[in-house]
Amino acid sequence: MPPHVFALDGARLRYGRFVEGEQSWSMSAYRQVGLGEEAFVPGPLGSSLRDPEWFREPLAELLGTLDSPVIEASLVLPDSWLRLAVVEIEKLPRGAKAREEILRWKLQQIIPFKVEDLRLREMELAQLQNRQGAKRVLIGFGLDQPLSQIEELFAEQGIRIGNLVNQSLATLSAVGHNLRNVELGAVALLTDDGYSLSFTYRGEPLVHRHRPLAGQSIAELPEAMVTRDLNLTRVFLEELLGDVALERVLLVGPEESLAPWSSWLEESFGFPALPLEAQHLSLAGDLSGALMHELAPVLGAAVQRIP
């Protein structure tokens, strides 16, 4: 992937540039600029720009602080803007158009959005031993119109966005080496717009759950609601994998939110969560001024490998 990564949420636009070394990556630039509180209009699937000018000006301001031009870049978006779903399909056609039709039909059965308005991206996953016969496919989807509008604003600055990824998948890429040698691992991601649970099985995505906050802050979530959600997820994993035990959990989020979540995760899964630290990222150099939970998805978009 390109070394340049932008990350966008409703409040800020961030930028990172990363260089790959023999044993680790180094961060050669990290910037952020605030966006107006009303720059984006919240919607049921992500947000859309209220006025392109409210994004155009901050983007130009951020680019003006860089010492080299950006031609190609990745863009990280919140999980509520780019959703993930794992579906099982008995037979998946080889042709791209036919595959997309099948995937859209499958999505229509499980999501409350008009699938014709969505942009899709897919990745086939390995079959599970107790689910033989059906192909498992990870589908990423988001509303095409707001995604295209953001891409066009970058294009005005001469920047091609070649990779769109959500925070969860980008974070998994950044910390994946910590889960590579465990059979069942997990990352719990806490953000301003919700929380996500991503599980990996033998190093590959297995289950993804995202719950938007709906006007609450991550620190105000009722314990009963969260623990019920975690316990339902545990039961689903047991049905999927049998008695495979969770071996490692990384907790990624603002420091003030970690303590209750550490307790809830251990209570539900019987395994203590590890708060994300610099040592969990293969990143060398001066990281002062960067919060680990914000830096991880930006790094992750740069270290992703093209399958």
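Because the structure is predicted, anything quoted here is derived from the model rather than measured.

For a regular strand, the rule is simple: side chains alternate between the two faces of the sheet. The buried fraction of strand β6 (residues 72–77) is high, at five of six residues. As defined by bridge partners, strand β1 (residues 4–8) adjoins β6 across three bridges and the pair is classed as parallel. Bridge pairing in β6 places Phe6 opposite Leu75. Direction of pairing for β6 relative to strand β10 (residues 160–166): parallel, over a ladder of six bridges.

Taking 1.5 Å per residue as the helical rise, helix α6 (residues 255–269) with its 15 residues ought to reach 21 Å, and the 21 Å between its terminal C-alpha atoms agrees with that figure. Its maximal kink placed at Trp261, α6 deviates by approximately 30°. If you check which residues of α6 are buried, you get Ser257, Leu258, Trp261, Ser262, Trp264, Leu265, Ser268 and Phe269. In the stretch just after α6, Gly270 is the one whose phi turns positive, near 70°.

In this section: the packing of helix α5 (residues 223–241) against α6. Two elements in contact, α5 and α6, have axes separated by 9 Å at closest approach and are oriented at 35°. The interaxial crossing formed by α5 with α6 has right-handed handedness. Here Glu223, Val226, Thr227, Leu230, Asn231, Thr233, Arg234 and Leu237 of α5 come into contact with α6, specifically with Trp261, Trp264, Leu265, Ser268 and Phe269. When its residues are assigned to classes, the contact of α5 with α6 shows seven nonpolar, four polar and two charged.

Read across the open sheet, the three strands follow the order β7-β9-β8; overall the sheet is antiparallel. Whereas interior strands pair on both sides, the edge strands pair on one side only; in this sheet they are β7 (83–89) and β8 (118–125). On average, each strand axis in the sheet is tilted by 30° relative to the strand beside it, whichever way the strands run. Two strands pair when backbone bridges link them, and β7 and strand β9 (residues 135–143) are joined in this way by seven bridges, in the antiparallel orientation. Bridge pairing in β9 places Val86 opposite Leu138. Against the sheet, helix α2 (residues 96–108) makes contact with β7, β8 and β9, and its axis sits at roughly 100° relative to β8, the strand it touches most.

Parameters and conventions
- Residues numbered from 1 in each chain as written.
- Predicted model: local features only at pLDDT ≥ 70, side-chain atom pairs only at ≥ 80, totals over all residues.
- Heavy atoms only, no water.
- Buried < 20%, exposed > 50% of the residue type's maximum accessible area, 1.4 Å probe, protein only.
- Helix = DSSP H or I, 4+ residues; strand = E, 2+ residues; numbered from the N terminus.
- Pairing = 2+ DSSP bridges.
- Expected span 1.5 Å × (residues − 1).
- Bend = angle between axes of the 7 residues up to and from the residue.
- Axes fitted to C-alpha atoms, helices over the stretch in contact; angles between N-to-C directions.
- Left-handed = near helix turned anticlockwise from the far one by under 90°.
- Contact = heavy atoms within 4.5 Å.
- Nonpolar A, V, L, I, M, F, W, Y, C, P; charged D, E, K, R; others polar.

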